[in-house]
Amino acid sequence: MCLGIPGQITEITDEDRMMAMADVSGVRREVSLAPVSTGAALEALVGQWVLIHVGFAMAVIDEDEAAATLEALRGLGEAQETLDQMAEGEWAFSEERT
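To keep things clear, this report deals only with the structure shown in the data block. Note that the structure is predicted; figures quoted are calculated from it, not measured.

1. Focus on helix H1 (residues 63-76)
Because an α-helix packs 3.6 residues into every turn, residues spaced three or four apart end up facing the same way. Taking 1.5 Å of rise per residue, the 14 residues of H1 would be expected to cover 20 Å, and the 20 Å separating its terminal C-alpha atoms lies within 8% of that figure. Those residues of H1 not exposed but buried are Ala66, Leu70 and Leu73. What you see down the axis of H1 is that its buried residues fit within an arc of 65°, all on one side. Every exposed residue of H1 that faces more than 90 degrees away from the buried side is listed here: Asp64, Glu71, Gly75 and Leu76. The N-terminus of H1 is capped by Asp62, whose side-chain oxygen sits 3.2 Å from the backbone nitrogen of Asp64. Trailing H1 by a residue or two, Gly77 shows a phi angle of about 80°, which is positive.

In structure tokens, the structure reads:
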């Protein structure tokens, strides 16, 4: 099953590569904004909620939809597994940099 999980864009990290930092229930992860870029300034996406799948922001969603989706995923127990995998990936990424 393919899992998309809501995250909130917190900052643009590389405008040329269309990369941004997203917060997914307290886990920060760099994602590509290319699929949701409309040609407008990427800064307009800061604060917006997006549906993230394998490192790509696939759709812009509203805050209510994000909250409902996260709650449904938590209820299914899938969100925690995905967050754990993201956190492990972030830890491995930070270890590679040192």
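Back to the text.
2. What to know about the pairing of strand E2 (residues 19-24)
Counting buried positions along E2 gives five out of six residues, so the element sits mostly inside the fold. As paired elements, strand E1 (residues 5-14) and E2 share five bridges and run antiparallel to each other. The residue of E2 that forms the bridge with Ile9 is Ala22. Counted along the chain from E1 to the antiparallel partner E2, the turn is four residues long, and its residue Met18 has a positive phi close to 60°. In this structure, E2 lies alongside strand E3 (residues 27-32), joined through six bridges in antiparallel fashion. Following the sheet pairing, Met21 is matched in E3 by Glu30. Connecting the antiparallel pair E2 and E3 is a turn made up of two residues, with Ser25 showing a positive phi of about 50°.

Rules used throughout
- Residues numbered from 1 in each chain as written.
- Predicted model: local features only at pLDDT ≥ 70, side-chain atom pairs only at ≥ 80, totals over all residues.
- Heavy atoms only, no water.
- Helix = DSSP H or I, 4+ residues; strand = E, 2+ residues; numbered from the N terminus.
- Expected span 1.5 Å × (residues − 1).
- Buried < 20%, exposed > 50% of the residue type's maximum accessible area, 1.4 Å probe, protein only.
- Arc of directions from axis to C-beta.
- Polar contact = N/O pair within 3.5 Å; in protein donor to acceptor, adjacent residues only side chain to side chain.
- Pairing = 2+ DSSP bridges.

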